[in-house]
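Listed here are the chains, written in short residue letters.
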Amino acid sequence: MSQNSGYVPSEDDRDSRIEATVNEYQSIRSSDAMPPRGGFLYSNPLPGPVDPVSPPQNGSVAEGKDVETPEVGYGFSAGPAKFEIADPESAIPKNTGPYAGMPKEVLLQYSEQPLWVGLRWFFLTIFIVAGLGLIAWTVFVIMTSPSCLPWWQDTVIYQIYPRSFKDSDGDGIGDIKGIHEKLGYLDDLGVKTVWLSPIFPSPMKDFGYDVSDYTGIWETFGTLDDFQRLLDAMHERGMKLILDFVPNHTSDQLEWFNKSRESVDPYTNYYVWRDCHDDNDGDGTPDPPPTNWRSVFTETMWQWDDTRQQCYLHQFLVEQPDLNLRNDHVKQELTEAIRTWLSRGVDGFRVDAIGHGLEEETYSVDAPDAPCVAQGNCPPDPYFTQLHNYTFEYDPERLHGIIQGWRDSVLTEYSNEPEKYRFMVTEVYLPPQGLTRYYGKDGKVEADFPFNFQLISGDSKYGNLPDYELTGTKTHELVDSWLKEVPARRWPNWVLGNHDNHRLPNRFNPEYSRAMMMMLLMLPGTPTTYYGEEIGMSDITPEVGKTQDPFCPDSGDPMDESGTFFATCRDYERAPMQWSAESNAGFSDNNETDQYGWTTWLPVNSDYQQGVNVEEQQSATDSALSMYKALIGMRGLSHLAIHRGWFCYVLYNENTFAFVRELEGAPGYLITMNLGDQPLTDDYFALDVGIPLEGTIAVSTRMDRNGDRVQLNKLDLAVGEGLVIEYAAGHNIHKHESMEEGRDCYIFSEKAYVNFMGILSTFRVE
């Protein structure tokens, strides 16, 4: 038969030949007659190339004739090609194992041997166990790690006094569209939460805190549509909006009061009414009043009403009658007002003056004099000549029950998702021991936090830190008085300025005000800042007889810092925001003057022409604005120790206040400030608490040392200078044997970072 017949064996024939060849191969293998590894030679003994798809010649296949393929040596045939072993009798190694280049059939034979089966199962088991372990560790990390901080902890709250922020329509009064116009500025600062002082319809006797409609917008500020556009724009930027809520009192122009004075049900007892003597001298007050209680603004809390022929109670202005918060209808009305704003998308509320919410029920017990009366050292504000035991924080458990009711009945209802959480902060001026009760009780959340006024409150408008007491020791005392009282699993907060207190450069020497702002933004918890603080705005000086605040006296010396005018008038701190060096500081385009000769509702501070304005400070790298923006940037996730880490005091004395922020696995930060009147050099390494020998200045109050490498055993600070110094991770000062939690160190939310095989990251530590 021709060797070039082109015969292609069938599958069955090929399989049988392969099986026979493998069997023969195994026989040879067992007799140690095996060629060396790689000893297969591939050859085709046919005289010419074989084309398996060529048509058969001479009709051999068609005629059913067999096609023979010659066998040579040891090997097997796979079609027309022949695989042979060259010289099988020579070069036969002994006991040869598996080798490279084995055919699949040979490999399969070895794969069934116990050794290789065992190895496969061993590695498969390792793979499965490692995979399950990785899954278990991941689940552990997820379950034990804290979630991201809720938005109200991961923010700076920026208070806007709407009349003074930006005028969009040229009437000299700020408005909602003006706020909308400046959202880009706030966003660029890093501000993510804005608190608006009252924007509701009002006769403006107390500039919005005398509400005549709880669910509307004062027309001078704009419309509900303007408000909704502002709110939507803020949410698009990831910002939150908090409104003032005033539950203690209303305007005497509110419909509820008009119906109450006419004894129309159910409004008859919406307010506090009492029988009293007539107004004999025509001054509007009864003679005598039911009690001697002094109002915040006036000599008595009682006002005669001719329509009802009774007296109503007002803890503030005569035009601000107090609501009766014991009345269920009143509480329901207030709850529905909250619900209305939440349904519009508002993110939370600052509850105003809630400590004044309840009074002694018989309304017949006189208040005692404050001890300062006998001692002759009362502060200038006459309100402090009495002890207000019967009108402030009276029946506290019932008062807390009212606040808890707002949380449970409506705020919780609208807090269905983490980013939709509805926030509440309360305004109560109390020492920390009493203030922390507003966090809640028995594990129930009441307020998310009460405003902490330890750095702002006091017997006078200077608060607890007047210049002559601005020392490291006093600062430590005030900071620690709050931190040690914050309940477990609750969040601290800090306030340095607001619409009721003199501005920072006037309460502290201006050279210290930057350091105090640095401290505010670096302390653990949520800071609240007042518009204009970021550029170092200071007070204006009002003139007697040319004021807006009803609390400003008709006489006195506005420059006398010990006088009643200076202590009570709030025009000082409410002047318009200073945007540029243009006319009216860029706040308003108005050119028409009012009865006082002003083109804005309050005059602008003249220092806007000396660089105290946004426009100039945005382009100045050493400005207060640049510092403020840099410090807010330090509070984010890229600086975990400040974001949510430990706080530890490291040094406080007459001149220095210094603390660290740290977190395992993350860089630490030393924050130090010179509150003395001379330059100083401190040795932090010698404190022997684990502070390293050197660090890098991240932010300096003068913005002139940022990035400098400094030795912490000889750290120089100028008068009023503050520094944020970054040092390497791993020093863990809070673990030092001399540091005690609850005395030297505090933690309110901790996330420890570990490196597990370079893969996994976090777990919760509490």
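As the structure is a prediction and not an experimental result, all values here were calculated from the model. (Residues numbered from 1 in each chain as written. Predicted model: local features only at pLDDT ≥ 70, side-chain atom pairs only at ≥ 80, totals over all residues. Heavy atoms only, no water.)

Draft legend 1. Geometry of the overall build of the chain. The helix and strand inventory of the chain stands at 18 helices and 27 strands. The proportion of buried residues among the 766 residues of the chain is 53%. For the chain, the exposed area adds up to about 33,400 Å²; of that, 51% sits on carbon and sulfur atoms. (Helix = DSSP H or I, 4+ residues; strand = E, 2+ residues; numbered from the N terminus. Buried < 20%, exposed > 50% of the residue type's maximum accessible area, 1.4 Å probe, protein only. Areas by Shrake-Rupley, 256 points an atom, 1.4 Å probe, with all protein chains shown as cover.)

Draft legend 2. Layout of the nonpolar core. Membership of the largest hydrophobic core comes to 143 residues, with the highest contact counts inside it found for Tyr-158, Leu-186, Phe-227, Val-479, Met-522 and Met-577. Tallying contributions element by element places helix α14 (residues 510–522) first for this core, with nine residues. Dropping the residues within four chain positions of it, Phe-227 is found in contact with Ile-176, Ile-199, Ile-217, Leu-241, Leu-243, Trp-341 and Val-346. In terms of nonpolar packing, the next biggest core, distinct from the first, is built from 22 residues, Tyr-684, Val-689, Leu-723 and Met-739 among them. (Core = buried A, V, L, I, M, F, W, Y, C linked by side-chain atoms within 4.5 Å. Contact = heavy atoms within 4.5 Å.)

Draft legend 3. Structural view of the environment of His-249. For His-249, the position within the fold is in the loop between β6 (240–245) and α7 (255–261). Separated by 40 residues in the primary sequence, His-249 and Tyr-209 have C-alpha atoms spaced 8.3 Å apart. Dropping the residues within four chain positions of it, His-249 is found in contact with Tyr-209, Tyr-214, Phe-316, Gln-320, Pro-321, Asp-322, Leu-323 and Asp-352. Among the polar contacts listed, one links the side chain of His-249 to the backbone oxygen of Tyr-209, at a separation of 3.3 Å. (Polar contact = N/O pair within 3.5 Å; in protein donor to acceptor, adjacent residues only side chain to side chain.)

Draft legend 4. Structural view of the sheet that holds strand β8 (residues 302–305). Pairing in this open sheet of three strands is antiparallel, and the strands run β7-β9-β8 from one edge to the other. The open sheet terminates on both sides in strands that have one partner only, identified here as β7 (273–274) and β8. Taken together, the two bridges between β7 and strand β9 (residues 310–313) define a ladder with antiparallel strand orientation. Within the sheet, the bridge partner assigned to Arg-274 lies in β9 and is Cys-311. (Pairing = 2+ DSSP bridges.)

Draft legend 5. Region of the structure containing the sheet that holds strand β25 (residues 745–746). Pairing is antiparallel across the open sheet formed by seven strands, whose spatial order is β22-β21-β24-β19-β18-β17-β25. In the strand order of this sheet, the two ends are held by β22 (709–711) and β25, each with one partner. Strand direction decides the pairing type here: strand β19 (residues 666–674) and strand β24 (residues 722–727), joined by six bridges, are antiparallel. Paired with Met-673 across the bridge in β24 is Gly-722. Set on the sheet, helix α12 (residues 472–483) makes contact with β17 (646–652), β18 (656–663) and β25; between it and β17 the angle comes to about 155 degrees. (Axes fitted to C-alpha atoms, helices over the stretch in contact; angles between N-to-C directions.)

Draft legend 6. Seen up close, the confidence of the model for the chain. Within the chain, residue pLDDT values average 87, and 83% of them lie at 70 or more. Note on residues 32–95: pLDDT under 50 across the span, and 87 contacts to partners over four residues away in sequence or across chains. Counted against residues more than four places away or in other chains, residues 751–766, with its pLDDT under 50, gives 38 contacts. (pLDDT = per-residue confidence, 0-100.)

Draft legend 7. A look at a nonpolar patch on the surface. Taken together, the side chains of Trp-121, Leu-124, Phe-127, Ile-128, Leu-132, Ile-135 and Val-139 present a nonpolar region at the surface, about 750 Å² in accessible area. Structurally, Ile-135 is set in helix α3 (residues 114–144). (Patch = residues over 30% accessible without salt bridge, like charges linked within 9 Å, V, L, I, M, F, W, Y side chains within 5 Å. Salt bridge = Lys/Arg side-chain N within 4 Å of Asp/Glu carboxyl O.)

Draft legend 8. Local environment of the side chain of Gln-303. Structurally, the position occupied by Gln-303 is in strand β8. Owing to a relative accessible area of 11%, Gln-303 belongs among the buried residues under this scheme. Excluding residues that lie within four positions of it along the chain, Gln-303 makes contacts with Gly-284, Thr-285, Pro-286, Gln-310, Cys-311, Tyr-312, His-314 and Val-318.

Draft legend 9. Geometry of helix α17 (residues 624–633). Of all the ten residues making up α17, seven are buried; the element is thus mostly covered by neighbouring parts of the structure. Every buried residue of α17 is accounted for by Ala-624, Leu-625, Ser-626, Met-627, Tyr-628, Leu-631 and Ile-632.

Draft legend 10. Geometry of helix α10 (residues 396–411). Taking 1.5 Å as the rise per residue, α10 with 16 residues should run 22 Å; its terminal C-alpha atoms sit 21 Å apart, in good agreement. Residues of α10 that are buried: Leu-399, His-400, Ile-402, Ile-403, Gln-404, Trp-406, Arg-407, Val-410 and Leu-411. Buried positions along α10 lie against β6, α8 (328–343), β10 (348–351), β11 (423–426) and β13 (444–445). (Expected span 1.5 Å × (residues − 1).)

Draft legend 11. Expanded view of the packing of α8 against α10. Running from amino to carboxyl end, α8 crosses α10 at an angle of 45 degrees, the nearest separation of the two axes being 10 Å. Put simply, α8 runs oblique to α10. At the point where α8 passes α10, the crossing takes the right-handed sense. On the side of α8, the interface is formed by Lys-331, Leu-334, Thr-335, Ile-338, Arg-339 and Leu-342, while α10 contributes Ile-402, Trp-406, Ser-409, Val-410 and Leu-411. Residue composition of the contact of α8 with α10, grouped by class: seven nonpolar, two polar and two charged. (Parallel < 35°, antiparallel > 145°, perpendicular 65-115°, else oblique. Left-handed = near helix turned anticlockwise from the far one by under 90°. Nonpolar A, V, L, I, M, F, W, Y, C, P; charged D, E, K, R; others polar.)

Draft legend 12. Focus on the pattern of salt bridges. Taken as a whole, this structure holds 31 salt bridges when the rule is applied. The residue Arg-743 makes a salt bridge to Glu-740 at a minimum N-O spacing of 3.4 Å. Owing to a relative accessible area of 42%, Arg-743 belongs among the partly exposed residues under this scheme. Residue class for Glu-740 comes out partly exposed when judged on its relative accessible area of 42%.

Draft legend 13. Up close: the pairing of strand β21 (residues 694–700). As paired elements, β21 and β22 share three bridges and run antiparallel to each other. Counted as the bridge partner of Thr-696 is Arg-709 from β22. With four bridges joining them, β21 and β24 adopt antiparallel strand pairing. Note that in β24 the partner of Ile-697 across the bridge is Ile-725.

Draft legend 14. Region of interest: the environment of Lys-441. Mapped onto the secondary structure, Lys-441 falls in strand β12 (residues 440–441). As a C-alpha pair, Lys-441 and His-400 span 41 residues in sequence and 9.2 Å in three-dimensional space.

Draft legend 15. Region of the structure containing the pairing of β18. With eight of its eight residues buried, β18 lies for the most part within the structure. The alternating pattern of β18 places Thr-656, Ala-658, Val-660 and Glu-662 on one face and Phe-657, Phe-659, Arg-661 and Leu-663 on the opposite face, and all of these are buried. Two successive antiparallel strands, β17 and β18, enclose a turn made up of three residues. The pairing of β18 with β19 spans seven bridges and is antiparallel. Bridge assignment links Ala-658 to a residue of β19, and that residue is Thr-672. Here β18 hands over to β19 after two residues, with Gly-665 in that stretch at a positive phi of 85 degrees.

Draft legend 16. Up close: the state of the cysteines. In the structure shown here, the tally under the stated rule is four disulfides. The residue that forms a disulfide with Cys-276 is Cys-311, at a sulfur-sulfur distance of 1.8 Å. Across the S-S bond of Cys-276 and Cys-311 the torsion is about 85 degrees, and the bridge reads as right-handed. Of this pair, Cys-276 sits in the loop between β7 and β8 while Cys-311 sits in strand β9; the two residues are 35 residues apart in sequence, bridging distant segments of the chain. A relative accessible area of 0% places Cys-311 in the buried class. Bonded cysteines in the chain are paired 1-2, 3-4, 5-6, 7-8 when counted in the order they occur along the chain. (Disulfide = S-S within 2.5 Å.)

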